[in-house]
Amino acid sequence: MQIHLLAVGSKMPGWVQQGYEEYARRMPPECRLNLLEIPLAKRGKSSAVEQLKQQESEKLLAAVPKNSQLWALDGGGKSWSTEQLADQLRDWLQGGQDIALMIGGPDGLATGCLQQAAGRWSLSPLTLPHPLVRIIVAEQLYRAMSILKHHPYHK
């Protein structure tokens, strides 16, 4: 199984790339983490937020690999403990289908993305910067996998 992390934004600072890559590298072969960056819509002083979200969301949906189950990272989604994420990861692994996790840009995801997602996952009630989210997701997936493999990382 692969987990495709579809994230709006490219040309991230080095610390973002390093943080993400550190945890993605640790994932076992049976659960690879694959980052697909979607360019941020061009913003100007008179840009309409909903239009920008729509443009980014259309690109996100077009980038979803075939036969992947789509999930949205969204503040209105379900919040999981790490142990609950491990249970969800086990379910995903047993399902045998690739997973695509969408991270919106600074304005979030358009309604169309949220409606097409099989589920919505909230990392926190806090508003997090979208570059940081990719690191948090990678680390939490690695931590959940360490629980499933009885690896001491989680302790």
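Residues numbered from 1 in each chain as written. Predicted model: local features only at pLDDT ≥ 70, side-chain atom pairs only at ≥ 80, totals over all residues. Heavy atoms only, no water.

A short note on the overall build of the protein chain
Here comes step 1: The helix and strand inventory of the protein chain stands at five helices and five strands.
Here comes step 2: Each helix (α) and strand (β) of the protein chain, taken in turn from the N terminus, gives the series β-α-β-α-β-α-β-α-β-α.
Here comes step 3: For the protein chain, whose C-alpha radius of gyration is 15 Å, the value lies close to the compact-globule estimate of 15 Å for 155 residues.
Here comes step 4: Across its three principal directions, the C-alpha atoms of the protein chain cover 50 × 30 × 30 Å.
Here comes step 5: Relative to its 155 residues, the protein chain shows a buried fraction of 45%. (Helix = DSSP H or I, 4+ residues; strand = E, 2+ residues; numbered from the N terminus. Rg over C-alpha atoms; globule rule 2.2 N^0.38 Å. Buried < 20%, exposed > 50% of the residue type's maximum accessible area, 1.4 Å probe, protein only.)

A closer look at the environment of Met-27
Here comes step 1: In this structure, Met-27 sits in the loop between helix H1 (14–26) and strand S2 (32–38).
Here comes step 2: Distance from Met-27 to Ala-138, taken between C-alpha atoms, is 8.8 Å for residues 111 residues apart in sequence.
Here comes step 3: Beyond its immediate stretch of four places on either side in the chain, Met-27 contacts Arg-32, Leu-33, Leu-141, Tyr-142 and Met-145. (Contact = heavy atoms within 4.5 Å.)

Overview of the sheet that holds strand S3 (residues 68–79)
Here comes step 1: Spatial ordering of the open sheet is given by S2-S1-S4-S3-S5, a layout of five strands whose pairing is parallel. The two strands at the open ends of the sheet, each matched to only one other strand, are S2 and strand S5 (119–122). The sheet shows a mean angle of 30° between the axes of neighbouring strands, direction not considered.
Here comes step 2: In this fold helix H3 (residues 82–95) packs onto strand S1 (2–8), S3, strand S4 (98–103) and S5, with an angle of close to 165° to the strand it touches most, S3. (Pairing = 2+ DSSP bridges. Axes fitted to C-alpha atoms, helices over the stretch in contact; angles between N-to-C directions.)

Section: the environment of Leu-126
Here comes step 1: Mapped onto the secondary structure, Leu-126 falls in the loop between S5 and helix H5 (130–148).
Here comes step 2: A sequence separation of 51 residues divides Leu-126 from Gly-75, and the C-alpha atoms of the two residues are 7.9 Å apart.

A few points about the packing of aromatic side chains
Here comes step 1: According to the stated counting rule, one finds six aromatic pairs in the structure shown.
Here comes step 2: Ring centres of Tyr-23 and Tyr-142 lie 6.3 Å apart, and the angle between their planes is 40°; on these two criteria the pair is classed as tilted. Here the residue Tyr-23 occupies a position in helix H1, and Tyr-142 occupies one in helix H5, the gap between them amounting to 119 residues. Of the two residues examined, Tyr-23 and Tyr-142, each falls in the buried class.
Here comes step 3: Ring geometry for Tyr-142 versus Tyr-153: centroids 4.8 Å apart, planes at 65°, classification edge-to-face. Linking Tyr-142 in helix H5 with Tyr-153 in the segment after H5, this pair joins segments that are 11 residues apart in sequence.
Here comes step 4: Accessibility expressed as a relative area gives 21% for Tyr-153, which makes it partly exposed.
Here comes step 5: A connected cluster of aromatic rings, assembled from ring pairs, spans Trp-71, Trp-80, Trp-92 and Trp-121. (Phe/Tyr/Trp six-rings, centres within 6.5 Å; stacked < 30°, edge-to-face > 60°.)

Here we look at H3
Here comes step 1: If you check H3, its first and last C-alpha atoms are 20 Å apart, about what 14 residues at 1.5 Å a residue would give, namely 20 Å.
Here comes step 2: Considered for burial, the residues of H3 that qualify are Thr-82, Leu-85, Ala-86, Gln-88, Leu-89 and Trp-92. One side of H3 holds all its buried residues, which, seen down the axis, span an arc of 165°. Turned more than 90 degrees off the buried face of H3, the exposed positions are Gln-94 and Gly-95.
Here comes step 3: Each element contacted by the buried residues of H3 is listed here: S1, S3, S4, S5 and H5.
Here comes step 4: At the exit of H3 stands Gly-96, carrying a positive phi of roughly 75°. (Expected span 1.5 Å × (residues − 1). Arc of directions from axis to C-beta.)

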